[in-house]
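Single-letter residue listing:
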Amino acid sequence: MRAIVQRVSEARAVIDGETVGAIGPGMLVLVCAMPGDGTTTADRLLDKLLKLRIFQNAAGKLDHSLSDMDGEGRVGGLLLVSQFTLAADLSGGNRPSFKAAAPPTEAQALFTHLVTQARARHANLASGRFAADTQVHLVNDGPITIPLDIS
């Protein structure tokens, strides 16, 4: 799976004028399923997201994860948004090809699995809707933006 992780002060996913998912401080993750990905891949991505140390400790160092924040009584938000365009290939010219993304049926199943597992493991979870035309509003904190490829 391919993901873009952004540390945010706040973020929300809006579909047809309705906010379908919103968080305060935490991370926004744009997620793309790739061919060959399975539930094990999605589980590894979730493990990485929950343990990714991109939040500051008292000394200002990036040493805390979403899991650490849970243990301290602060629950950072996690907003998951499906984003097939992360598989864009521009090698053939200026119009992107998305052939490198998993087929929609497989991608939807993996995104649903990821959201279900994240909801079971993290108290403050929000998500967009698969394949919906979504406006993502965010205040990038830092900014910290990290690409992840999990296979």
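Everything numeric in this text was worked out from a predicted model, so none of it was measured.

Participant: An account of the overall build of the protein is requested, with residue identities and associated values reported.
Facilitator: A count of helices and strands for the protein gives three helices and eight strands. Counted from the first residue to the last, the protein has its helices and strands arranged as β-β-β-α-β-β-α-β-α-β-β. Its C-alpha atoms give the protein a radius of gyration of 15 Å, within 12% of the compact-globule value 15 Å for 151 residues. Each principal axis of the C-alpha distribution contributes one length, and for the protein these read about 50 × 35 × 30 Å. Here the protein holds 151 residues, and 41% of them are scored as buried. Pairs at least 24 residues apart make up 71% of the contacts formed inside the protein by residues separated by at least 6 positions. Working note: accessible area of the protein is about 7,900 Å², and carbon and sulfur atoms make up 49% of it. If you average the places of the 14 positive and of the 15 negative side-chain charges in the protein, the two averages end up 3 Å apart.

Participant: Could you give an account of unusual backbone geometry, with specific residues and numbers?
Facilitator: The omega angle of the peptide bond from Gly 142 to Pro 143 is -10 degrees, so this bond is cis rather than trans. The residue Pro 143 is located in strand S8 (residues 135-149) in this model. One non-glycine residue, Asp 16, lies in the positive phi region at around 50 degrees. Within the element layout of this structure, Asp 16 appears in the loop between strand S1 (2-15) and strand S2 (18-23). When its relative accessible area of 77% is taken as the criterion, Asp 16 is described as exposed.

Participant: Quick one: what's the story with the packing of aromatic side chains, residue by residue and with numbers?
Facilitator: Any pair of aromatic rings gets described here by the distance separating the centres and the angle formed by the planes. This structure, assessed with the given rule, holds one aromatic pair. Judged by centre distance (5.0 Å) and plane angle (75 degrees), the rings of Phe 84 and Phe 98 are edge-to-face. One end of the pair, Phe 84, is in the loop between strand S6 (77-82) and helix H3 (104-121); the other, Phe 98, is in the loop between S6 and H3, and 14 residues separate them in sequence.

Participant: Account for the confidence of the model for the protein, naming residues and giving values.
Facilitator: Confidence in the prediction of the protein, expressed as mean pLDDT, is 94, and 97% of residues score 70 or more. Model confidence for the protein, summarised as mean pLDDT per element, is weakest for helix H2 (residues 66-71) at 76 and strongest for helix H1 (residues 39-51) at 98.

Participant: Which residues make up H3, and what values go with them?
Facilitator: With 18 residues, H3 should reach 26 Å at 1.5 Å per residue; the first-to-last C-alpha distance of 25 Å fits that figure. Regarding H3, the residues found buried are Ala 107, Leu 110, Phe 111, His 113, Leu 114, Val 115 and Ala 118. On its buried side, H3 packs onto strand S3 (26-32), H1, S6 and strand S7 (125-127).

The rules behind these values
The numbering scheme is per chain: residues are counted from 1 as the chain's sequence reads. Totals for whole chains, interfaces and linings use all residues, but because this is a predicted model, local features are given only for residues with pLDDT of at least 70 and pairs of side-chain atoms are given and counted only at 80 or more. The side-chain values count all of the structure's non-hydrogen atoms but skip hydrogen atoms and water molecules. We count a stretch as a helix when DSSP gives it H or I for four or more residues in a row; a strand needs E for two or more, and each element gets its number in order from the N terminus. Our radius of gyration looks at C-alpha atoms and nothing else; its globule reference is 2.2 Å times the residue count to the power 0.38. For every residue, the accessible area (1.4 Å probe, protein chains only) is compared with the maximum for its type, and the residue is labelled buried under 20%, exposed over 50%, or partly exposed between those bounds. Here, residues are in contact when the closest pair of their heavy atoms is within 4.5 Å. To measure how exposed things are, a 1.4 Å probe is used in the Shrake-Rupley method; for residues, cover is taken only from the protein chains shown. The charge count includes Lys and Arg as positive and Asp and Glu as negative, but it does not include His or the ends of the chains. Charged side chains are reduced to one point each, which is NZ for Lys, CZ for Arg, CG for Asp and CD for Glu. The aromatic pairing rule takes the rings of Phe, Tyr and Trp, using the six-membered ring of Trp, and pairs them if the centres are within 6.5 Å, calling planes under 30 degrees apart stacked, those over 60 edge-to-face and the rest tilted. A residue's pLDDT is the predictor's confidence in that residue, given on a scale from 0 to 100. Any helix carries an expected span of 1.5 Å times its number of residues minus one.

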